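Residue-level structural notes
Single-letter residue listing:
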Amino acid sequence: MSKLKIPVHTVHSGILQENAVMLGDRLIKKLKIPAHGPVHLAFGSFRQEVTVIPAPKSDSLRVSEGLARKTGWRARNVLNASYNTGSRILRLGPLIGVLVSREHPEHPERVFGPITLFCRELTNACRAQGAFVYFFTPEALESTGSAISGWVYDEGWKRSKLPVADVINNRLTTRKAENKPSVQHFLAEVKSRYGTHFFNEKFLDKTEVFEALRHDPALQRYLPESHSLSGLAILKKMCGHYPVVFLKPVRGSLGKGILRISREEGGGYRLQSTTPLGTRKQSYPSLAKLYQAVAPKMKTTRFQIQQGLPLMEIGRRPVDFRALVQKNGTGKWHVTSIVARTAGNNHFVSNLARGGSLSTVREAVGKSSIPPAAKESANLQLPRAALAIAKGIEAHIPAHFGELGIDLGMDHSGRIWLLEVNSKPSKNDNTPLHETKIRPSVKQMIQYCRYLAGL
């Protein structure tokens, strides 16, 4: 199978019929396409038999306006192309679909709310790599056939009818949207009918992750003791073993709803909770009284109880690390970036949404009081742990993930611990967005899509 990247131009339908395409002589030879013979043109789920007309001194593929309308192509595109001599399929793409939670057509500059700039960045990166991307919401799936109503960027956001994509990236931000019958039916249908690849196909919850990984001997050293909070008995047991424990919402994110429980010198217990304004502190004479205060929350929220870790600190503020681990252009896990996150004043969680700040791993460990040997090895040990955990998730949880946000902690001795795994890592965490800059994480995602699509 021959592959290369080619410009695709649209010409007036009067010049070229819908069932014919013009392709430069040099490209025909490189792709090993039989001239004037019928081939099957494929773009995502779109298929059409066309005749290839050789075009001397041309380095492009020319298609009619009618054919361009069916594929959603603009006047000019650059796409990867491959030709299979056995099946006579000329494939262009990959066509990438991004499933997002909502659209705001009334705000053309922020059609997708806070992730609009990321969508622009992804569009620019796709153009540079010969891919084509569109964005769609669950509402577009209510009555879909082989075409989807999606958004493309072409000097402004425009709605267009597009084929089902070769690869779909799930960027839905709520479980409610993800579990809609229309979404689940669509995903099952396109996988079976078109062989569409769908990655980051589900949210992870904390209980699922720790239960899955605890059976892997290679990962046990990274796992703090962690259980589902089923009642007062497990709370008493954990508080008997550890001076500090955390109660974390099984399906929480951004540090919301985390509770910290610690012993007080007088024999009682202190409960700290996260709020947008800082940490709220309450004292209780016994665990039973504290549990009574927490129990109402358990009626609506499932909690994971976890061993408290003496995390490394900078200026008495705890520090943790967010690793972005992605599949690369050969389908292997790769650590794209790791940043240190230092908790804000009056907070015990490091999330940026709670006033945390970012720095490099080297800067953070350099300012900490962990042993010198741990400082020297941090840049090696943190990515090694993140990579092992990503492989463990893939091995023990039956779902397709293309990228994971893995939160790691390092205690005062330099030992590394797993705090959390996020299957929908934020695109705004690692570096500030810029209109023209394309981040490595975005390039990596497209490389993985190209690998999945065989392009």
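Reference entry: report on the structure contained in this document. As the structure is a computational prediction, the values presented were derived from the model and not from experiment.

About the thresholds
- Residues numbered from 1 in each chain as written.
- Predicted model: local features only at pLDDT ≥ 70, side-chain atom pairs only at ≥ 80, totals over all residues.
- Heavy atoms only, no water.
- Helix = DSSP H or I, 4+ residues; strand = E, 2+ residues; numbered from the N terminus.
- Buried < 20%, exposed > 50% of the residue type's maximum accessible area, 1.4 Å probe, protein only.
- Contact = heavy atoms within 4.5 Å.
- Areas by Shrake-Rupley, 256 points an atom, 1.4 Å probe, with all protein chains shown as cover.
- Lys, Arg positive; Asp, Glu negative; His and termini not counted.
- Charge placed at Lys NZ, Arg CZ, Asp CG, Glu CD.
- Axes fitted to C-alpha atoms, helices over the stretch in contact; angles between N-to-C directions.
- Parallel < 35°, antiparallel > 145°, perpendicular 65-115°, else oblique.
- Nonpolar A, V, L, I, M, F, W, Y, C, P; charged D, E, K, R; others polar.
- Polar contact = N/O pair within 3.5 Å; in protein donor to acceptor, adjacent residues only side chain to side chain.
- Phe/Tyr/Trp six-rings, centres within 6.5 Å; stacked < 30°, edge-to-face > 60°.
- Core = buried A, V, L, I, M, F, W, Y, C linked by side-chain atoms within 4.5 Å.
- Domains from an automatic or database assignment.

So, about the overall build of the protein. When you go through the protein residue by residue, the secondary structure sums to eleven helices and 25 strands. Taking all 455 residues of the protein together, 55% fall into the buried category. Pairs at least 24 residues apart make up 68% of the contacts formed inside the protein by residues separated by at least 6 positions. Surface accessibility of the protein: about 20,500 Å² in total, with carbon and sulfur atoms responsible for 51%. Separation of charge centres in the protein, based on 65 positive and 35 negative side chains, amounts to 2 Å.

Here we come to the packing of helix 6 (residues 206-213) against helix 10 (residues 372-396). Where helix 6 contacts helix 10, the two axes come as close as 10 Å, and the packing angle between them is 95 degrees. One element, helix 6, and the other, helix 10, form an angle in the roughly perpendicular class. Touching Val-209, Ala-212 and Leu-213 of helix 6 are Ile-389, Gly-392, Ile-393 and His-396, all from helix 10. Of the residues belonging to the contact of helix 6 with helix 10, the class tally is five nonpolar, two polar and no charged.

The residue Thr-196 is located in the loop between helix 5 (181-194) and strand 13 (197-199) in this model. Take Thr-196: its relative accessible area is 5%, and that puts it in the buried class. Polar side-chain contacts of Thr-196 include one of 3.0 Å to the backbone oxygen of Ala-165. Discounting chain neighbours no more than four positions away, the residues touching Thr-196 are Val-164, Ala-165, Asp-166, Val-167, Ile-168, Val-190 and Lys-191.

Moving on, we come to the packing of aromatic side chains. Going through the model one piece at a time under the given rule, you end up with eleven aromatic pairs. Between the aromatic rings of Tyr-134 and Phe-136, the centroid separation amounts to 5.7 Å while the plane-to-plane angle is 40 degrees, which identifies the pairing as tilted. Phe-136 matches Tyr-134 in its accessibility class, with the two residues each being buried. Ring geometry for Phe-136 and Phe-186: centres 6.0 Å apart, planes at 70 degrees, overall edge-to-face. Within this pair, whereas Phe-136 is found in strand 9 (residues 132-136), its partner Phe-186 is found in helix 5, the two being separated by 50 residues in sequence.

So, on to the nonpolar core. General note: in soluble globular proteins, nonpolar side chains tend to be found buried as a group. Ranked by internal contacts, the top residues of the largest apolar core, which has 45 residues, are Leu-23, Ile-33, Trp-73, Leu-92 and Phe-136. Ranked by residues supplied to this core, first place goes to helix 5 with four residues. Here this core gathers at least three residues from each of two domains, domain 1 (5-92) and domain 2 (95-199). Once you skip the residues sitting within four places of it in the chain, Trp-73 turns out to touch Val-8, Leu-41, Phe-43, Val-63, Ala-68, Leu-79, Leu-92 and Phe-132.

What is shown is where atoms sit, not what they do.
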